[in-house]
Structure formats: C-alpha cells, structure tokens
Number of protein chains: 2
Amino acid sequence: MDFTIIARNAKKASLEIANLSEEIKNDVLLKIANAIENEKNEIFEANLKDLKEAKILADKGKISISAYNRLKLDENKLRDMVQGIKDVVSLDDPVNKILMKRELDTDLTLYKVSCPIGVLGIIFEARPDVISQISSLAIKSSNAVILKGGKEAVNTNKKIFSIINSVCNSVKDFPKNVIQQVFTREDVAEMLKCDTYINLIIPRGGKNLVKYIKANTNIPVLGHADGICHIFTDESADIDTAIKIVTDAKMQYPSACNSVETLLIHKNFPKKDKLLAALQLSEIKLVDNPESWSNEYGDNTLAFKIVNNIDEAIEHINTYGSGHTDCIVTKNIDNAEKFMNNVDSAGVYFNASTRFADGFRYGFGAEVGISTNKTHARGPVGLEGLTIYKYKLKGSGQIAGDYISGQKHFHHKDLI
Amino acid sequence: MDFTIIARNAKKASLEIANLSEEIKNDVLLKIANAIENEKNEIFEANLKDLKEAKILADKGKISISAYNRLKLDENKLRDMVQGIKDVVSLDDPVNKILMKRELDTDLTLYKVSCPIGVLGIIFEARPDVISQISSLAIKSSNAVILKGGKEAVNTNKKIFSIINSVCNSVKDFPKNVIQQVFTREDVAEMLKCDTYINLIIPRGGKNLVKYIKANTNIPVLGHADGICHIFTDESADIDTAIKIVTDAKMQYPSACNSVETLLIHKNFPKKDKLLAALQLSEIKLVDNPESWSNEYGDNTLAFKIVNNIDEAIEHINTYGSGHTDCIVTKNIDNAEKFMNNVDSAGVYFNASTRFADGFRYGFGAEVGISTNKTHARGPVGLEGLTIYKYKLKGSGQIAGDYISGQKHFHHKDLI
C-alpha cells in the first residue's frame, strides 16, 4: 500500500484513539495478551520459519549469532511478552491528566492537560517481542503506530501483528488502523520524510540504525546511538564498593547500553592496584591505551585512565561520553555533588552501578527506550514520554483587547 | 571566527553556567538592564545607521514597511527591553528543581532534577530587541546561546551585544562565551549542521524563515511556521459573544500568529447573517471561497464556511489548521468539551479569543515563543521550555545483579 495512505490512516486513527476511555484500552490490551497466549503455537511456527532462514545467514556470517538469538522466541520470552502487556494494563493512563489549572481572571481558566503525541514511527531490528511491547505502550498512551521490523523476523512479526489486529478489529469502538505495519526499506525512507503525519520516530536497535535514522529525518527521534558509560573512582573511594560496582557495571550484561566502558581512577586512590587486580580476576580485560576513548565495547573490555583530579574526570566524561549514565564512587559527599551537577548526562550516579539506568528499575513499569536527547525526554523513558500536553482555556466571552487596553487585569491564580 | 570554535566555546560555557547560582545570574541580568538604560543613546545612534540603510531598501521595495518598523527602536521599545530583563530577574530559577524523588530501595534514591538544555541557536529577523530578551532568558535558565540576527539590524545588534558582553565579562565567576553572536549566512548553514554542540534551534521570524530552518537541520527546532487559527460558532452560540470574540481575534492585531484566519459557522446558527454583518461593520473582509483553507492572511481578511455540524468543524480544523489555537463559541458544554478534546491544537478555547495564546497572558512572565511541536514544549513556551532534566541516583554501593538475581527487591517509594 502507498505509504502516504498508511500515514494518513494512522493520523486519522490517532485522532480517534486520543479520547478513548481507559476501560476500552485496557480491555483491548488484556484481549491481546490472551490471544498471544492462546495462539502461541502458531507464533512459534512462524518463528521457526524465520529461524531456518536466519540459520543459513548466520552460517554464512551474514548475521551475528546474537542477532539470531534475539530473533528466537521461546516459552520464556513469550511469557514475558504476555506479562509485559498485562503490566501496561496496570499502569496509570498517562493522558488527560491535569498538569496545571490557573485562573487567568474571573471565569477565564487555563488548563494544561496531558495528551498523546499522535503518530509514532517505530523501526526495530530482529526482536519480534518489540511489536507487542510497543503496541501496548502506544494503545495505553492513545497513540497510533506504524511499525517496521527487521526483515529476518518477517514471518513472526506478521503473525503477532495479525493477532493484535484481529483483537483490535473485534472490539467495538476501538478505532481502525491504530497499529499498522510496513515491510520494505522504501517504506522506511518514506517514513523518515513523512513529517506531515508522523510526530516521533523511535528506533529500537543497534547504533548504526539509530545514527542512520537521526541523520536522515527532520522528525524528532527518541533514543540513543551510543552508551559510553563511565565510572570515576575518586581518591576516597571505598575499595570494596569500587570493585563491586565496576564488576557489576561491566560484567553483569556487557552488551547492554548501560554497561561501563571506561574506568577513571584518581591518581591518589591508594588501592588502585588492588582494584585493577580484582577486575582482572573477574575476567575484565583492561586496556589503558585504547584506540579511542569513545568506544562502546559491548564485551568484557574496559578502558581505564589515571586522572589528576575530579575536574579532569568530569571533563573526560563530558568530552568522550555519550551523555548516557556515569558514576562516581567516593566517600566525599562534596565531590559526589560536584560530579552529579557537572557531568552532563541523562544519569549521574553516586555509589551505584550504571546498570540501574532502566525504566523498570526506575519504577516506570514499562520502557519505551533510553534517550540521550536534551529535549522532550531524557534517560529511561516510560509512558509519559509518549505524551505531550495541550492548553484548554475556558472563558465566558473574554477578549484580549480588554486586557491590552488596561480595562481588565489578569490575576493569574494557580488552582492546582 | 571558525564556527566550530564558536560552537565549542558555547558548549564549554553551557557546562560552566549550568550550576551558577541564581544570585550571580540575577546580578548579571540587573547590570545588563542598567547598562542598556545607561547606554541607550549609543544604541539609538547605531539603530539610526541601520535605519538609514533600511530606508533605502524600503524605498526600493526590498524590505517591507513592517520590517522597517520592527527594526526601529524608540524610547518605548527600549523601556520595554529594560523592563523585560528585570521581569526575568523576578522569575523563579527554572533549574535545579527536584521534579521527582523516589526511593528505589533502602539508601538507593532516585532524583529527577531540572537542568538546562545546553546550547541554544537563535536565528531572528529584524527585531533587535530579541537579543536582550533571549539573552536574559538564556542566562536565567543557565543555557549558552549563539545569536544570529537579521543583517538589516547589524549595527544595533552589535551595539546591544557588546553592552551585554562587557557586563558578562565584568562579573567575576560569570563564565566566558555564554552569549555569542554570528553574522553571516554561512554561519547559519554551519549552525544548522552543528548537532554535536547545539541542542536546540529557536527561530524568531516569519514563516519562510521557520520553514527553511525546519527543513534544513536535524537539531530540534522550537517554534511555529504557521498560525492558522479558527473560531467555530456553534448552533447555540450567544450572538454578542460571537461578535465580540471574532472581532477581537481578527482585528485586535491582525498580523499576530494567534489571530483568527477562518470562521466556521454551524448551518443552524440562527444569527449567522447578523454575525457576518457585524463583522463587516468592523471592517473585516469576509471571503467565503478562499484559494486555500490554510491561508494565514495577517490582515483584516477572514475566510468563512458554513458547516453541517461540530464534527465537520473539528475535521476542518484538524485538516487545514496549523495546530496553533482554535476556539469554539457555544452555550453547549458538551460540545465545548468535545471540541477541546478532539481538536489537535496547542490551544483549544471555549468562549475566549484566540489572542490569549501568549506566554505573558498565560502568566509565564516571559516567552521564548509559541510552539506547534508535538514533542518537548507546545503552545506558549516560558523558561521551563529551556530546561530538560537529569536523573541523579544516590546509592550506597548497590549493584544491579543483586536485583536481577532476586536477592534484593525494589520498593519504589515516592518521597516527592
């Protein structure tokens, strides 16, 4: 189908779902969760087709083993998908919240009310579980979505998509075309140009995907390309805390974006040899002369550098980091405050592993992704990041001229 | 100077001003206000030079009379500039506000804290008063700015800029390069490409400028190109209210972006002839067959259309409007709610003139501009629109592995 028609239908759907009751939205979500559970065998079957094709590509080295693994759905992943949808049901409806109520003058009251963004373009790589996750977040926040999944998962994606859409179509009062799917590279190119209808692009995938998208669209993009996280071990750091935090931040899940890539150590930290030895014992591969200080290793490699003071550490992070998550290990509260105030990152941590940078761990219940943007939403983004607000002004015939002439005066009284 | 150096210096300045005390920021702002007041004769002298050149261009028809008028500074405008800076002093500091405080677990507390965006690129046309306005908003919100003014105002801009910068340079502890200025088209082209250092572009000028900028940058742009505002006169509208509101919204200041361009009238509104006659009496030029329903006239022209019902009105606005500000005049509360919920605009009004869409009238104290974006900030934008937030996590040695293994559990207790 012509992409413009898809986009126009999405826009129409977004206006229709904008004011749908939470009851209907939750009803649809629970029915989707049940349908996925009930039709899991058909999903596994479709997934098996994709896995066969992917195996051939993996054997030829055309896709990575980890991409193959991400593509694979099993009972555990399917249970998580179903539970994820149910979790979204239990979250507060993020739209129609009154964020401000201000009387500008008698019988002239301004309301700032949260509302959906509109149409989301989601571009994701070989993880078919993204469809149900993003679809449920979109439905809960009253946004329409256009999904483009990786071609390796095409059969699985189509199956999950058709389950979701037959539920959506079966529920009276649920608008058509809230969840749509496209398949080709040409569709992606059109999506990135389609700023008339699409309000936000969310890429879910590797940094090359995100970089490509950011470079090729004027539509706002929510996400992060790099996760170059740092830990600075200050002069006064507790050695056990330092070992524990650095080891967790590197080794607990090395390919995660919130894993640490660079360790900065204060030159006067008395236990630095002990720290480095302990890290090596945990099979961390230390590198003191990396090709670049902006590498995201994604494995057990950890760059390290001795710095003269906290200022040098802060400057290093602001120069080579990606604004994702950075941590200071110290007993000095003043240094902790200085670090957290001066490091320009979405997450600035004091004596805690960078691996806490995550929507679930922050208590958001569900996560759209992690943003290193400096506008709209930063850090782990929950449902709130899929909303904006509008101003409702309820008057009784007031005109601006009366206030400009000085005949009337605003009193600007906050009621909420 | 090489633009990259300017941008890099701005980035450095943004990190330095990020944590400057409100006291120093207000001190600088008051000194700037006084310096502008004290050196007003030099400013008028520089302005006169620009006006001489502009007069020649205006006589040749190369710039409009209104552009010439906007360029002209007089005692009144200068007084407003000075007062504007003083008003910003009295506003709350928008940074370092704790927006959320949540205990994730014992001694592991997450803070969401407001902070500046970083570096703002401001591109404005022939209004030299923008420099002091934007500079003071940037200083108060701890952002660095790079300003590019219209070439017609080059002498005035340089003079005001040099006054601001000698104050900034004279105050101990105020960082260098917070306010910088560039002059050429090439600088603008470089600015739009410079997403490494510039975090937000704010255009202040006509719609061609805004459209050009939006089409030529990947940096987020805050603003609006069009202001195609509507008033829908419902079946049950009070005739006097309708006449008063439409007249104010069209005639109080026809070239403003929040002026009405299209009047929609319910076919069963019994007083429609009286309404149209009254509008013509107020010298409004009515057009029932416009070339386009998306025209922004900027003068006394008002397109009008008879619609069958409120749904047609809403659909018309969502199709041809610009998402700026739209109003329903009615006595029917249900229709008012329906209109405000379903019209997808930054401002949705009930029985009040569209001309209220303004930061000062909303009580924001100062205005960055009016945004029709669906992300970050929408509608009139005050100081808050120049901020984002960071997450500070204060721990006592916690690692993610303990929570993933199930050894420890989050309790997610909101403290604010």
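No experiment lies behind these values; they were computed from the predicted model shown.

Rules of the game
- Residues numbered from 1 in each chain as written.
- Chains lettered and ligands numbered in written order.
- Predicted model: local features only at pLDDT ≥ 70, side-chain atom pairs only at ≥ 80, totals over all residues.
- Helix = DSSP H or I, 4+ residues; strand = E, 2+ residues; numbered from the N terminus.
- Buried ≥ 20, exposed ≤ 12 C-beta atoms within 10 Å, placed from the backbone.
- Contact = placed C-beta atoms within 7 Å.
- Expected span 1.5 Å × (residues − 1).
- Arc of directions from axis to C-beta.
- Nonpolar A, V, L, I, M, F, W, Y, C, P; charged D, E, K, R; others polar.
- Pairing = 2+ DSSP bridges.
- Least-squares fit on C-alpha atoms with pLDDT ≥ 70 in both.
- Domains from an automatic or database assignment.
- Axes fitted to C-alpha atoms, helices over the stretch in contact; angles between N-to-C directions.
- Parallel < 35°, antiparallel > 145°, perpendicular 65-115°, else oblique.
- Core = buried A, V, L, I, M, F, W, Y, C linked by C-beta atoms within 7 Å.
- Right-handed = clockwise from strand over helix to strand, strands pointing away.

Caption draft 1: Main features of the overall build of chain A. Along its length, chain A carries 14 helices and 16 strands. Dimensions along the principal axes, computed over C-alpha positions, put chain A at roughly 70 × 70 × 35 Å. Counting only residues that meet the buried cut, chain A has 50% of its 416 residues in that class. In chain A, once contacts between residues fewer than 6 apart in sequence are set aside, the share between residues at least 24 apart is 72%.

Caption draft 2: Structural view of helix α5 (residues 75-90) of chain A. All names here are of chain A. Compared with the 22 Å implied by 1.5 Å per residue over 16 residues, the 23 Å span of α5 between its first and last C-alpha is a close match. Within the span of α5, buried status applies to Met81, Ile85 and Val88. Down the axis of α5, the sector holding all buried residues measures 65°, keeping them to one side. Every exposed residue of α5 that faces more than 90 degrees away from the buried side is listed here: Glu75, Asn76, Arg79, Gln83 and Ser90. For α5, the elements touching its buried residues are α2 (22-38) and α6 (129-140).

Caption draft 3: Structural detail: the interface of chain A and chain B. Every contact between the two is made by 61 residues of chain A and, on the other side, 61 residues of chain B. Residue assignment for the side of chain A that touches chain B shows that the elements contributing at least two residues are β1 (98-105), β2 (108-116), α9 (207-215), α10 (239-251), α13 (333-342), β12 (347-352), β15 (387-398) and α14 (400-404) of chain A. It is β15(A) that contributes the most residues to the side of chain A that touches chain B, eleven residues altogether. The class makeup of the residues in the side of chain A that touches chain B is 26 nonpolar, 23 polar and twelve charged. Pairing of β12(A) with strand β15 (residues 387-398) of chain B involves five bridges; the strand directions are parallel. Note on β15(B): the bridge partner recorded for Tyr349(A) is Leu393(B).

Caption draft 4: Local environment of the relation of the copies chain A and chain B. With an RMSD of 0.0 Å, the operation that places chain A on chain B is a rotation of 180° combined with a shift of 0.0 Å along the axis. Taken together, the rotation angle and the small translation identify this as a two-fold axis. Residue His376(A), judged by its C-alpha, is the member of chain A lying nearest the rotation axis, at 1.8 Å. With an isologous cut-off of 70% or more, the 100% of interface residues of chain A that recur at the interface of chain B puts this contact in the isologous class.

Caption draft 5: Local environment of the environment of Asp414(A). Assignment of secondary structure puts Asp414(A) in strand β16 (residues 413-414). For the pair Asp414(A) and Lys101(A), spaced 313 residues apart in sequence, the C-alpha to C-alpha distance is 6.0 Å.

Caption draft 6: Structural context of the domain arrangement of chain A. Residue and element names in this part refer to chain A. Domain parsing of chain A yields domain 1 (3-222 + 368-389) and domain 2 (229-356). Listed as interface residues are five residues of domain 1 and, on the opposing side, six residues of domain 2. Here the residues of the side of domain 1 that touches domain 2 sort into one nonpolar, three polar and one charged.

Caption draft 7: Here's a closer look at the sheet that holds strand β16 (residues 413-414) of chain B. One open sheet holds the ten strands; their spatial order is β9(A)-β10(A)-β8(A)-β7(A)-β11(A)-β12(A)-β15(B)-β2(B)-β1(B)-β16(B), and the pairing between them is mixed. Looking at which strands have only one partner, the edges of the open sheet turn out to be β9 (285-287) of chain A together with β16 of chain B. Two strands pair when backbone bridges link them, and β9(A) and strand β10 (residues 301-307) of chain A are joined in this way by three bridges, in the parallel orientation. Across the sheet, the residue bridging to Val287(A) is Ala303(A), located in β10(A). Packed onto the sheet, α13(A) meets β7 (229-233), β11 (325-329) and β12 of chain A together with β15 of chain B and runs at close to 155° relative to β12(A).

Caption draft 8: Molecular detail of the packing of α2(A) against α5(A). Residues and elements named next belong to chain A. Relative orientation of the contacting elements α2 and α5 amounts to 170°, with a least axis distance of 9 Å. Between α2 and α5, the interaxial angle falls into the category roughly antiparallel. Contacts between α2 and α5 involve Asn26, Leu29, Leu30, Ile32, Ala33, Ile36 and Glu37 on the former and, on the latter, Met81, Val82, Ile85, Lys86, Val88 and Val89. Taken together, the residues of the contact of α2 with α5 break down into ten nonpolar, one polar and two charged.

Caption draft 9: Focus on the sheet that holds strand β5 (residues 179-182) of chain A. All names here are of chain A. Spatially, the four strands line up as an open sheet ordered β5-β4-β3-β6, and their pairing is parallel. Two strands in the sheet have a free side with no partner beyond their single neighbour: β5 and β6 (200-204). Geometrically, the sheet is characterised by an average inter-axis angle of 20° between neighbouring strands, direction not taken into account. Direction of pairing for strand β3 (residues 119-124) relative to β6: parallel, over a ladder of five bridges.

Caption draft 10: Region of interest: the nonpolar core. Counting 117 residues, the largest nonpolar core has Val145(B), Ile146(B), Ile231(B), Val246(B) and Phe339(B) as the members making the most contacts within it. In this view, Ile231(B) contacts Ile245(B), Val246(B), Ala249(B), Val260(B), Leu263(B), Cys327(B), Val329(B) and Thr354(B); residues no more than four positions away in its chain are not counted. Counting residues in hydrophobic clusters, the runner-up holds 116 residues, among them Ala46(A), Ile134(A), Val145(A) and Cys229(A).

Caption draft 11: Inspection of the pairing of strand β4 (residues 144-148) of chain B at higher detail. Residue and element names in this part refer to chain B. Of all five residues that make up β4, five are buried, and the element is covered over most of its length. Pairing geometry for strand β3 (residues 119-124) and β4, over five bridges, is parallel. Within the sheet, the bridge partner assigned to Gly121 lies in β4 and is Ile146. Handedness of the crossover joining β3 and β4 through helix α6 (residues 129-140) is recorded here as right-handed. Bridge analysis of β4 against strand β5 (residues 179-182) gives four bridges, and the strand direction is parallel. Within β5, the residue paired with Leu147 across the bridge is Gln181. In the classification by handedness, the crossover that spans β4, the intervening helix α7 (residues 154-170) and the parallel β5 is right-handed.

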